[in-house]
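Chain by chain, the residues:
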Amino acid sequence: METEKYQNLKLGERGAIISMIAYICLSILKLAIGYMSDSAALKADGLNNTTDIIASFAVFIGLKLSQRPPDGDHGYGHWKSETIASMVASFIMIAVGIEVLIDAITSMFQGGKESPDRIAAYTGLFSAIVMYFVYRYNKKLAAKINSKSVMAAAKDNISDAWVSIGTALGIFGSQLHMPWLDTVTAMIVGLLICKTAWDIFKESSHELSDGFDENKIQLYQEVITKVDGVKGIKEIKGRNYGNNEVIDVVIIVQSTLDIREAHDIATHVEKVMIKDYGVYDVHVHVEPN
């Protein structure tokens, strides 16, 4: 099972690489057209894609580091490298988001802005189509290898597609003698960058601080309680190592059981959680009652 986990990490690199290539090409295109057409919205969208390059690169590096086996000072492996990389990317993204907002607000007070050329809007639509296909690829890959980071990348891809559509609509709207609409769209893009950064930070910090889904804990508690020989659960906790769930549980068994029988019950609990629910590791402590 562990070998398969490492192979999935390797496959996940494809999604990160494809995202990086797409974002590099699109950011160059958007920034170039944005400056030539004087579109604040398209330039903001291009800067958004530069943060996506960093985020995709962080996922790639995280996947690489996570493949390293346990060593002397990392007895549990390097699974959390992926989560740390995501947090670093969130800091960079929020810095760019704030910069986009400041530029858009400054542009609004400068006044005398002309409507950007329509080629900027077509560039936004083209970018949206490209990102939609990248999203479809990463979503399919994430489902295949059960990767949270690749699925997060896919969600980022589809959000970028929507941002590009919004950018195009804002630019088309500015053609209707409303040049300020381009600046407003740039502000919305800046806010979306900041929100995406906050969501990534919140999720990664939750995992790094050993936070765990309460609904899953409730589900696992119900499942373990139904295992033959388990009279109850005294304590159950969960944590994540990258995409891997680790469960610590103290089960209560009949006090008249001998050591071998109690051990067999604990082993059965481990097998159910690992085989049926994909838990990476289960630590079962037995207490008689």
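As the structure is a prediction and not an experimental result, all values here were calculated from the model.

Novice: Help me understand the packing of helix 7 (residues 214–225) against helix 8 (residues 259–277), please; the structure alone is not making it clear to me.
Specialist: Axes are the key here: two packed helices are described by the angle between their axes and the distance separating the axes. It is the contact of helix 7 with helix 8, at a shortest axis distance of 10 Å, that shows an interaxial angle of 130°. Between helix 7 and helix 8, the interaxial angle falls into the category oblique. Relative to helix 8, the crossing made by helix 7 is right-handed. Counting all contacts with helix 7, which are made through Leu219, Tyr220, Val223 and Ile224, the residues of helix 8 involved are Val269, Val272, Met273 and Tyr277. For the contact of helix 7 with helix 8, the residue count by class is 8 nonpolar, no polar and no charged.

Novice: For this particular structure, what's the right way to read the nonpolar core?
Specialist: Generally speaking, a soluble globular protein has its nonpolar side chains buried in company with each other. Judged by nonpolar contacts, the single largest core of 22 residues is most densely connected at Ile224, Ile236, Ile247, Val249, Ile251, Val269 and Met273. Looking at this core, the elements that each hand over two or more residues are helix 7, strand 1 (232–241), strand 2 (244–253), helix 8 and strand 3 (281–288). Ranked by the residues each element gives to this core, the list is headed by helix 8, at 6 residues. Apart from residues no more than four positions distant in its own chain, valine 269 is found in contact with Ile224, Val227, Val230, Ile251 and Val284. Counting 10 residues, the second largest nonpolar core, distinct from the first, contains Met20, Phe60, Leu63 and Tyr241.

Novice: Explain the packing of aromatic side chains here, please?
Specialist: In this description, an aromatic ring pair is defined by two values, namely the gap between the centres and the angle between the planes. Applying the stated criterion across every chain yields a total of 6 aromatic pairs. Plain terms: the ring middles of tryptophan 198 and phenylalanine 201 are 5.7 Å apart, the flat faces sit at 35° to each other, and that makes the pair tilted. With a gap of 3 residues between them, tryptophan 198 and phenylalanine 201 both fall in helix 6 (residues 180–208), about one helical turn apart. One aromatic cluster is present, built from ring pairs that chain together Phe91, Trp198 and Phe201.

Novice: Whenever I open this one, the confidence of the model for the chain confuses me. Can you help?
Specialist: One rule of thumb: low pLDDT means the predicted coordinates there are not for detailed reading. Predicted confidence across the chain gives a mean pLDDT of 85, with 96% of residues reaching 70 or more. Averaged pLDDT values over the elements of the chain bottom out at 79 in helix 3 (residues 81–110) and peak at 93 in helix 7.

Novice: What is the right way to read the sheet that holds strand 1 from this model?
Specialist: Each strand in a sheet pairs with another by means of backbone hydrogen bonds, the pair being arranged parallel or else antiparallel. Spatially, the 3 strands line up as an open sheet ordered 1-2-3, and their pairing is mixed. Strands at the two margins of the open sheet, each flanked by one partner only, are strand 1 and strand 3. Across the sheet, the mean angle from the axis of one strand to that of its neighbour is 10°, orientation sign disregarded. Looking at chain direction, strand 1 and strand 2 are connected through 9 bridges and run antiparallel. Its bridge partner being in strand 2, tyrosine 241 is matched across the sheet by asparagine 244. Across the face of the sheet, helix 7 comes into contact with strand 1 and strand 2 while running at roughly 135° to strand 1.

Criteria and thresholds
Residues numbered from 1 in each chain as written. Predicted model: local features only at pLDDT ≥ 70, side-chain atom pairs only at ≥ 80, totals over all residues. Heavy atoms only, no water. Axes fitted to C-alpha atoms, helices over the stretch in contact; angles between N-to-C directions. Helix = DSSP H or I, 4+ residues; strand = E, 2+ residues; numbered from the N terminus. Parallel < 35°, antiparallel > 145°, perpendicular 65-115°, else oblique. Left-handed = near helix turned anticlockwise from the far one by under 90°. Contact = heavy atoms within 4.5 Å. Nonpolar A, V, L, I, M, F, W, Y, C, P; charged D, E, K, R; others polar. Core = buried A, V, L, I, M, F, W, Y, C linked by side-chain atoms within 4.5 Å. Buried < 20%, exposed > 50% of the residue type's maximum accessible area, 1.4 Å probe, protein only. Phe/Tyr/Trp six-rings, centres within 6.5 Å; stacked < 30°, edge-to-face > 60°. pLDDT = per-residue confidence, 0-100. Pairing = 2+ DSSP bridges.

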